[in-house]
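This is what each chain is made of:
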Amino acid sequence: MSAEPSSREMRGQPRPGERAVARTVLDAPDIARALTRIAHEIVERSRGASDVVLLGIPTRGVPLARRLAERITAVEGTPVPVGALDITMYRDDLRLRPARALAHTDIPPGGVDGRTVVLVDDVLFSGRSIRAALSALEEVGRPRAVRLAVLVDRGHRQLPIRPDHVGKNLPTSLREQVQVLVEEVDGRDLVLIAGGEEP
Amino acid sequence: MSEHPATWLLSGVRPLGGAACDLLLRAGSIAEVGPAGSLGAAGAEVLDGDGLVALPGLVDLHTHLREPGREDAETVETGTAAAAVGGYVAVHAMANTDPVADTAGVVEQVWRLGREAGHVDVRPVGAVTAGLEGERLAELGAMADSAAGVRVFSDDGRCVSDAVLMRRALEYVKAFDGVIAQHAQEPRLTEDAQMNEGELSGRLGLRGWPAVAEEAVIARDALLAGHVGSRLHVCHVSTAGSVDILRWAKSKGWRVTAEVTPHHLLLSDELVSTYDPVYKVNPPLRTRDDVDALRVALADGTVDAVATDHAPHPVEDKECEWAAAAFGMVGLETALSVVQDAMVDSGLLDWAGVADRMSVRPARIGRVAGHGRALAVGEPAHVTLVDPAARRAVDPATLASRSRNTPYAGMSLPGRVVATFLRGRPTQLDGKLTS
Amino acid sequence: MKRHLLSAADLSRDDALLVLDTAEELARVSDRAVKKLPTLRGRTVVNLFFEDSTRTRISFEAAAKRLSADVINFSAKGSSLSKGESLKDTALTLEAMGADAVVVRHSASGAPHRLATSGWIGGSVVNAGDGTHEHPTQALLDAFTMRRHLGPLTDRRVIIVGDVLHSRVARSNVLLLHTLGAEVTLVAPPTLLPVGVETWPCAAAYDLDSVLPKADAVMMLRVQRERMGAAYFPSVREYSRRYGLHAGRLGVLPEHALILHPGPMNRGLEITAEAADGARSVIVEQVANGVSVRMAVLYLLLGGSEPG
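Residues numbered from 1 in each chain as written. Chains lettered and ligands numbered in written order. Predicted model: local features only at pLDDT ≥ 70, side-chain atom pairs only at ≥ 80, totals over all residues.

> What should I look at first to understand the domain arrangement of chain C in this one?
When the parts of a complex come together, some accessible area is lost, and that lost area is often taken as the interface size. Residue and element names in this part refer to chain C. Per the domain assignment, the segments making up chain C are domain 1 (8-133 + 290-302) and domain 2 (136-286). Domain 1 and domain 2 are separated by 25 Å when their C-alpha centres are compared. Counting from both sides, the interface comprises 20 residues of domain 1 and, opposite them, 19 residues of domain 2. Elements represented by at least two residues in the side of domain 1 that touches domain 2 include exactly helix 1 (13-31), strand 4 (124-130) and helix 11 (283-302). Take the side of domain 1 that touches domain 2: its biggest share by element is five residues, from helix 1. Tallied by class, residues from the side of domain 1 that touches domain 2 come to 10 nonpolar, six polar and four charged. (Domains from an automatic or database assignment. Contact = placed C-beta atoms within 7 Å. Helix = DSSP H or I, 4+ residues; strand = E, 2+ residues; numbered from the N terminus. Nonpolar A, V, L, I, M, F, W, Y, C, P; charged D, E, K, R; others polar.)

Printed below as a string of structure tokens:
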């Protein structure tokens, strides 16, 4: 198995032979606070959120985008369009594993043309998923600007991509696994780190 | 021809699978028979036959040698070489060559080519109808009177479907003790047919070949043969229903005989689901129930003989889509092994029975003088030695036949033909031709 | 998924649902301005058609192009059965060209199977209709079309009417619909039902009127002109009367029931214009859905690593 941290689904799985001892990095209240802060940053950065569209990257980016939308709506008083952007068909590592099922792409009715799209993902790692998301977005429309919000940035970028909004910067070794659990998918909110050296 | 000496001592062989004994072959005949170790070897080449079963040399009623016309598939030389390797000492060369063997000239040519090759006695089969066209009788008498001495007549590959023509042919050959070997296939019921009609043909989308298309013709011909008192031989019987009809016809005392191919004794139609045309054959592979019925019928004598229907085809006629492929399988070099597997090792038939179905009765049906005789002093020395304890994986590349279309490729089969003697001389030893 | 799609029986229930779900997502791509996806860039799909079928070829071609594959159309009509070796020669040519997938249409049953198992080519083989055997992508698009209207097909009643004996569409549909949990009834005159149909995972009936009232979908099969002189039925008029979908039968068919036809139709023979063009007909949708379903199949066969 290559060290290239490019496949999202494997991010949470300890590699064979590694210890699966997991350590909590963020608990549910930490995640809630981080999302609230990001929501406020988005509003500030966009001077209100009137042209913002939130697009979550499946799987866990989608519920995170919805939660951000709820928070922004609460602050601004008007609903923020939120949707999902599947990147499977744009990935650069498709040939490395059997064909994957597609996730749902759901572009809000107003589209993305001329708007500020905020891509939402759970973990930022190599940057390849975001590269794929930018390609996917290109075929959906022409946003005025694209920003990136992630719950965890664990470093080790392989492409010139940086996040605009980060819940937590988490320095990691390449041997470590970062796992984000969200209530809507996994039944609880938690960010874990496993593998690598014990602290 | 052969550089081997004319005198051979086969020591310790088991005639028809019985007690071990010595056979001395001299001047084309079986000169002496004695208990194992009893015969002296002075002047004779000795073949240590310990553990080998000795059979009267095998006789095939149904071989396609393809010459003249399709020398790319087989020649008399290569086909009879394959026959010798398979333990045969005589073969009946089918008439569907190009030109068709429907005149004295063609049958004599085939007969002469067989003599020149020297591997086996070639008995040409004459066509029943001119050009196999099913319209008028070929010159049956001329072929019978020719040097080839034809006694078996067949339009094999095609059915003599016209009832009047079939009746006349059956009657006519009585004049010279001939037999009509019918390829029983009702043509309208089998137009563009590809495989046995049944659940599988429906699923695979291949045009079905109903059992009734064979059985209806056999029933009609048996009734005709009974009516005119003639000899009828039924080629490559393939269904349980045909067996029932034959059993009934024989119970009437009619002069009806029948053959079954080795492949119909072993293989069934499930193989077609591979769509590999190596399993495409006429008549088609039938169901497991048919296979079982054919085995029982061969064991009880309802079916008289095993005949190979050795049908060589060049590789391009088989390496294609099913519907485009030619019908047929090669069989001379695997026949005895398949019969051992299907009949002997299963306990249905002993070696005496094998000798009867693969030598004695075929020779009698074909009126082949000097063949299918007992392994006794004074008889012609046609002997096949088989090692029943051996096993081999069939490798198409090693076949003596010019063609490779064997359905047994890679399959492990019991038995190995160790030597074949024709008139006291080996035609092959250990699978290697002697001439 | 297996490496090849030769028969609808190659698809497990999970495989079939994966194809249909994937097609559902891909159908949305067809609705946007940019219909192209980069997924199969650099891969080569060969449409190998030994039999004319412009509709099916165009559908596969559109599917492959929307996934950015290179498409080579190879029409070998007429050259196969006359000279047997050409299937092999053609296959070796395609292999030399580096075909990643071969979509094959052939008048001989089993020809795609032969291509896939002979070792002549290394790529995936997709059966686009072989003789009277199967047409699995047609069955997938039929199932896709029905599912869009009826929801999950479990326990849904589907009637397939007509020349089942010679129909690859019927064979594939029976297998796939059974896998998806639907109840299939074949309706045809006894002469046009295959021997052994009682062993198929479906029911069979001779009387259309008795089964129509309970149908959720009815699929009319084309009656080939060449069957007409071959004593399968006495006359076209009698066939239409007993097995055609006409105005009288539309009244018996439930309101929600769908009408399908794999095309091309013999209007006035197995189906009247009123049935083909009415509100319950989804025949035009079938064509559009064909592209999405074939995109899904090509993506799932070629989009990932080589299946093990």
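> How should the nonpolar core be read in this particular structure?
Burial of nonpolar side chains together is a common tendency in soluble globular proteins. Among the nonpolar cores identified, the biggest contains 291 residues, and L68 of chain A together with V218 and L298 of chain C are the most heavily contacted of them. With near-sequence residues (within four places) excluded, V218 of chain C lies in contact with I159, V161, L212, L245, L253, A257 and I259 of chain C. (Core = buried A, V, L, I, M, F, W, Y, C linked by C-beta atoms within 7 Å. Buried ≥ 20, exposed ≤ 12 C-beta atoms within 10 Å, placed from the backbone.)

> Explain the interface of chain C and chain B to me, please; I cannot follow it from the model alone.
Between chain C and chain B, the residue contacts involve 24 residues of the former and 19 residues of the latter. Secondary-structure elements contributing two or more residues to the side of chain C that touches chain B are helix 3 (86-96), helix 4 (111-117) and helix 6 (168-179) of chain C. Examining the composition of the side of chain C that touches chain B, we find that three residues originate from one element, helix 4 of chain C, more than from any other. The residue makeup of the side of chain C that touches chain B, split by class, is seven nonpolar, 11 polar and six charged.

> Sorry if this is basic, but what is going on with the interface of chain C and chain A here?
The interface of chain C with chain A comprises 16 residues on the first partner and 16 residues on the second. Looking at the side of chain C that touches chain A, the elements with two or more residues in it are helix 1 and helix 11 of chain C. Among the elements that take part in the side of chain C that touches chain A, helix 1 of chain C stands out by supplying five residues, more than any other. Across the side of chain C that touches chain A, the residue classes tally to seven nonpolar, five polar and four charged.

> In this structure, what is going on with the packing of helix 4 (residues 163-172) of chain B against helix 6 (residues 211-228) of chain B? I would like to understand it.
The relative placement of two packed helices is expressed as an angle between their axes plus a distance between the axes. Residues and elements named next belong to chain B. The geometry of helix 4 relative to helix 6 is characterised by a closest axis approach of 10 Å and an angle of 45° between their N-to-C directions. By the angle between their directions, the pair helix 4 and helix 6 is classed as oblique. Here helix 4 and helix 6 pass one another in a crossing that is right-handed. Seen from helix 4, the contacting residues are A163, M166, R167, L170 and E171; seen from helix 6, they are R220, D221, L224, A225 and V228. When the residues that make up the contact of helix 4 with helix 6 are grouped by side-chain class, the tally is six nonpolar, no polar and four charged. (Axes fitted to C-alpha atoms, helices over the stretch in contact; angles between N-to-C directions. Parallel < 35°, antiparallel > 145°, perpendicular 65-115°, else oblique. Left-handed = near helix turned anticlockwise from the far one by under 90°.)

> I tried to follow the sheet that holds strand 8 (residues 190-194) of chain A on my own but got confused; where do I start?
Strand pairing in a sheet is mediated by backbone hydrogen bonds. Such pairs are either parallel or antiparallel. Residue and element names in this part refer to chain A. An order of 1-8-7 is seen for the three strands of this open sheet, with the pairing classed as antiparallel. Every interior strand has two partners, whereas the edge strands, strand 1 (22-26) and strand 7 (177-181), have only one. In this sheet, neighbouring strand axes are inclined to one another by 30° on average, regardless of whether the strands run parallel or antiparallel. (Pairing = 2+ DSSP bridges.)

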